[in-house]
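Close look at the chain arrangement
Residue strings, one per chain:
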Amino acid sequence: MFDWPALMAAGIRGLGLSPAAFWALTPAELAFLLGHGDGKLPMDRAGLEALAARFPDTTGDT
């Protein structure tokens, strides 16, 4: 369960986010902004391109 009052205080008061910006964040984004995690994205564009090159889409017309 989330402690919403504490998270809202950290995001809105602590980080200066507007309420709309706070509610638009995912829990992972909020955790990152609050200094939790290593800051690495699960996959960036370079990772996606490497994956696509390794496993290209095919139409089955080979």
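Definitions and limits used
Every residue gets a number counted from 1 within its own chain, in the order that chain's sequence is written. Predicted model: local features are reported for residues with pLDDT of at least 70 only, side-chain atom pairs are reported and counted for 80 or more only, and whole-chain, interface and lining totals are derived from all residues. Computation of side-chain values: all heavy atoms of the structure, hydrogens and water removed. Helix numbering and strand numbering both begin at the N terminus, where a helix is a DSSP run of H or I of at least 4 residues and a strand a DSSP run of E of at least 2. Method for areas: the Shrake-Rupley scheme with a 1.4 Å probe, in which residue coverage is limited to the protein chains shown. Two aromatic rings, drawn from Phe, Tyr or Trp (for Trp, its six-membered ring), form a pair once their centres lie within 6.5 Å of each other, and the interplanar angle then sorts them: stacked below 30 degrees, edge-to-face above 60, tilted otherwise. Throughout this description, buried means an accessible area under 20% of the type-specific maximum (1.4 Å probe, protein chains only), exposed means over 50%, and partly exposed covers the range between.

**Things to note about the overall build of the protein**
- Along the protein, the regular secondary structure elements total four helices and zero strands.
- Mapped in sequence order, the helices and strands of the protein form the string α-α-α-α.
- The principal-axis extents of the C-alpha atoms in the protein amount to approximately 55 × 25 × 20 Å.
- Of the roughly 5400 Å² of accessible surface on the protein, a fraction of 62% belongs to carbon and sulfur atoms.

**Comments concerning the packing of aromatic side chains**
- The full count for this structure, using the stated rule, is three aromatic pairs.
- With 5.4 Å between their ring centres and 35° between their planes, W4 and W23 make a pair best called tilted. Placement of W4 in helix 1 (residues 4-14) and of W23 in helix 2 (residues 19-24) is noted, with a sequence separation of 19 residues between them.
- Ring centres 4.9 Å apart and planes at 85° place the aromatic pair F22 and W23 in the edge-to-face group.
- Taking the relative accessible area as the measure of exposure, F22 reaches 3% and is therefore buried.
- Here the aromatic residues F2, W4, F22 and W23 are joined through ring pairs into a cluster of three or more.

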